2 protein chains.
Amino acid sequence: MRQFVVIAHDVPTDPDAVSLSDIPGAGRLDLLCRCVSAGVFLSHGIREQVRVHLVVADAFTITFDADTLRHLHPDERNVAARIRDALDAADDAIGHMPADVSPGVELRRMGVTATLDRLLDGAGAAGPTLVQLHEDGDPLVDAAPPSDPVFVLSDHNDFAPDERDALAERAERRVRVGPKRLHADHTISVVHNWLDTGGYADY
Amino acid sequence: MRQFVVIAHDVPTDPDAVSLSDIPGAGRLDLLCRCVSAGVFLSHGIREQVRVHLVVADAFTITFDADTLRHLHPDERNVAARIRDALDAADDAIGHMPADVSPGVELRRMGVTATLDRLLDGAGAAGPTLVQLHEDGDPLVDAAPPSDPVFVLSDHNDFAPDERDALAERAERRVRVGPKRLHADHTISVVHNWLDTGGYADY
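All values derive from a computational prediction rather than experimental measurement.

(A) Region of the structure containing the state of the cysteines. Residue and element names in this part refer to chain B. Going through the model one piece at a time under the given rule, you end up with 0 disulfides over all chains. Not part of a disulfide, Cys-33 finds its nearest cysteine sulfur in Cys-35, a span of 9.0 Å. Residue Cys-35 is classed as buried on the basis of its relative accessible area of 0%.

Okay, here's the thing in C-alpha cells:
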C-alpha cells in the first residue's frame, strides 16, 4: 500500500465556502485536487493499493481509496465536488468513526497527528513506514523503496513548526526528490514513478 | 531548453466550444491544462528555458514559453481560459507567423509535422534532440539526458499511425519512463525530475 498525506492549511471546512467556479479561491483547493488525481489515476485506469489523505485545517481528513473509488474523474472540478461532498458530510463523522461520503471517499474528524498515528499503527518490521521528503534526505536513486510507505506533503505553504516536529518524530526514512522545489502533485508523480520502477531498478 | 509537444486530438478549434464550466467536455482539455502546468511551474515559481506546445486538431499549435509567461496560474480553469484566448486569436496567425495571444503565449497555424520540423530545425550535434517516450526505449535511469530535448506526448488517445511515423522518422533517442501507462501530465513531471537531477546523477 502506498499512502500520501497532503496537509491543506487554507482550505475552508465549510462546504458553502467552496465554489466550483473558483477552486483556487478555496485555499488553493486546485492543488489538492491535482494531488488526488496524481495519487490515484493511471492513464485509462486507476491505481491499486493507493490512498490519498487530505488533512483540511487540522480538523478533518478526507481519504480517497483507489481500490474502492467509483465515478471519479481526474479534472479539478470533479475532485473538488467530491471534497465539497465530504465536508458536507462532516456531521456524520462522530469521534473517530468516518463519514462515508461516496464509494472510496471517507471523512474522519482527525487532524495531522491523529491521522499520522492512525496510518502508522503497526509500524515496524513489516508495517507502514513514514518517509519524509526532505532536502537533506537520501537521493531517491540511492534509496530502496519501503514496501508500505506513507509520504507526507504540504500544500503551497511550508509545514508549520508543529507539523515538522510531528514528522521528524515519526519518520523512519528521509528521501530527497531533487534540486528543485516542486508542487505537491508533481512530487507525487515523481514518487510514484520511483516506486513503480522499484527505485529505478526495474523498468 | 526543454520542450514538450502535446498532441490534442479532440480539443475543438472553435473557442466558443470551450466552456470553462466543463473543461473535460472540450476534448479533455483538463489534461492539456495540467500538461501546461506540469511543464512550466515550480512551487512558488516558474521554470526557465521550458516551452510547452499544444497541437490542437493537427491545425494549430499553442506555445507556452515559461521565460516570458505572465499572470498564468496553475489551475485548469486559468490555463483553459488562456487556451481559449489563443483559439480566439487564430485569425491573426497568417502563414507561419504566430498570433501573439498574451505574454508568453503564441498560436501558430501548424499541425504536428510542421511543428516538429520547426522545433527540430538545426537538430544535430549541438541542436535539439527529439526524444521519443516509448515502451521499448532505454530506461530513464540508463539514459543520459540530452542538452536540448524535445519530448512528444499524446493526450488521452494513442498516437495516430501518421503521428507515430512522424515521430519514428525524427526521433534520435527512445526512453522508457516506467512499467505503468501514465497520464501525459504525470509523465512530464517524471521527465522534468529526470532532467533536474541530470539523469538521476545529481541531486
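(B) Broad picture of helix α1 (residues 29–40) of chain B. All names here are of chain B. For α1, spanning 12 residues, the distance from its first C-alpha to its last is 17 Å, which sits close to the expected 16 Å at 1.5 Å a residue. Of all 12 residues making up α1, 12 are buried, and the element is well covered by its neighbours. All buried positions along α1 are accounted for by Leu-29, Asp-30, Leu-31, Leu-32, Cys-33, Arg-34, Cys-35, Val-36, Ser-37, Ala-38, Gly-39 and Val-40.

(C) Structural view of the relation of the copies chain A and chain B. It takes a turn of 180 degrees to lay chain A on chain B, together with a shift of 0.0 Å along the axis; the resulting RMSD is 0.0 Å. When the rotation and shift are considered jointly, the pair of chain copies conforms to a two-fold rotation axis. Ranked by how close their C-alpha atoms come to the rotation axis, the residues of chain A are headed by A:Val190, at 2.5 Å. A shared interface surface links the copies, since 100% of the contact residues of chain A are contact residues in chain B too.

(D) Structural context of the pattern of salt bridges. All chains considered together, the criterion is met by 22 salt bridges over all chains. B:Glu106 is paired through a salt bridge with B:Arg108; the nearest N and O atoms lie 2.9 Å apart. The residue B:Arg170 makes a salt bridge to B:Asp117 at a minimum N-O spacing of 2.7 Å. Note that B:Arg170 is positioned in helix α4 (residues 161–170) and B:Asp117 in helix α3 (residues 112–119), a separation of 53 residues in sequence. Using a relative accessible area of 41% as the deciding quantity, one classes B:Asp117 as partly exposed. Taken together, the shared-partner salt bridges in this structure form one network comprising A:Arg28, A:Asp30, A:Arg34, A:Glu76 and A:Asp185.

(E) Focus on the packing of aromatic side chains. For the structure shown, the criterion picks out 3 aromatic pairs over all chains. When the centroid spacing of 4.0 Å and the interplanar angle of 20 degrees are considered together, the rings of A:Tyr200 and B:Tyr200 count as stacked. Taken together, the residues A:Tyr200 in the segment after α5 (184–196) and B:Tyr200 in the segment after α5 (184–196) connect one chain to another. For the pair A:Tyr200 and B:Tyr200, one class covers both residues: buried.

(F) Just the pairing of strand β4 (residues 50–56) of chain A, in detail. Residues and elements named next belong to chain A. The element β4 is extensively covered by neighbouring structure, given that 6 of its 7 residues are classed as buried. The pairing of β4 with strand β5 (residues 60–65) spans 6 bridges and is antiparallel. Counted as the bridge partner of Leu-54 is Ile-62 from β5. Between β4 and β5, which pair antiparallel one after the other, the connecting turn spans 3 residues, and Ala-57 there sits at a positive phi close to 55 degrees.

(G) Region of the structure containing the pairing of strand β6 (residues 99–102) of chain A. All names here are of chain A. With 3 bridges joining them, β6 and strand β7 (residues 105–108) adopt antiparallel strand pairing. Its bridge partner being in β7, Ala-99 is matched across the sheet by Leu-107. Connecting β6 to the antiparallel partner β7 that follows it, the hairpin turn spans 2 residues, and Gly-104 within it adopts a positive phi of roughly 85 degrees.

(H) How the structure looks around the packing of helix α1 (residues 29–40) of chain A against α5(A). Residues and elements named next belong to chain A. Where α1 meets α5, the axes come as close as 8 Å, and the angle between the chain directions of the two elements is 10 degrees. In terms of orientation, α1 and α5 fall into the roughly parallel class. Contact residues: α1 offers Leu-31, Arg-34, Cys-35, Ala-38 and Gly-39, while α5 offers Ala-184, Asp-185, Ile-188, Ser-189 and His-192. Partitioned by chemical class, the residues of the contact of α1 with α5 number 5 nonpolar, 3 polar and 2 charged.

(I) Molecular detail of the interface of chain A and chain B. Taken together, the contact between chain A and chain B spans 37 residues of the former and 37 residues of the latter. Sorting the residues of chain A by area buried against chain B places A:Ser43, A:His186 and A:Tyr203 first, and these three jointly supply 19% of that buried surface. Put simply, chain A and chain B have 0 salt bridges between them. Applying the counting rule to chain A against chain B returns 14 residue pairs in polar contact (both at pLDDT 80 or more). Listed by contribution, the elements that provide at least two residues to the side of chain A that touches chain B are α1, β2 (41–42), α2 (76–88) and α5 of chain A. Of all the elements, α5(A) adds the most residues to the side of chain A that touches chain B, at 5 residues. Looking at the side of chain A that touches chain B residue by residue, the class counts come to 14 nonpolar, 11 polar and 12 charged.

The rules behind the values
- Residues numbered from 1 in each chain as written.
- Chains lettered and ligands numbered in written order.
- Predicted model: local features only at pLDDT ≥ 70, side-chain atom pairs only at ≥ 80, totals over all residues.
- Heavy atoms only, no water.
- Disulfide = S-S within 2.5 Å.
- Buried < 20%, exposed > 50% of the residue type's maximum accessible area, 1.4 Å probe, protein only.
- Helix = DSSP H or I, 4+ residues; strand = E, 2+ residues; numbered from the N terminus.
- Expected span 1.5 Å × (residues − 1).
- Least-squares fit on C-alpha atoms with pLDDT ≥ 70 in both.
- Contact = heavy atoms within 4.5 Å.
- Salt bridge = Lys/Arg side-chain N within 4 Å of Asp/Glu carboxyl O.
- Phe/Tyr/Trp six-rings, centres within 6.5 Å; stacked < 30°, edge-to-face > 60°.
- Pairing = 2+ DSSP bridges.
- Axes fitted to C-alpha atoms, helices over the stretch in contact; angles between N-to-C directions.
- Parallel < 35°, antiparallel > 145°, perpendicular 65-115°, else oblique.
- Nonpolar A, V, L, I, M, F, W, Y, C, P; charged D, E, K, R; others polar.
- Buried area = accessible area lost by both parts, 1.4 Å probe.
- Polar contact = N/O pair within 3.5 Å; in protein donor to acceptor, adjacent residues only side chain to side chain.

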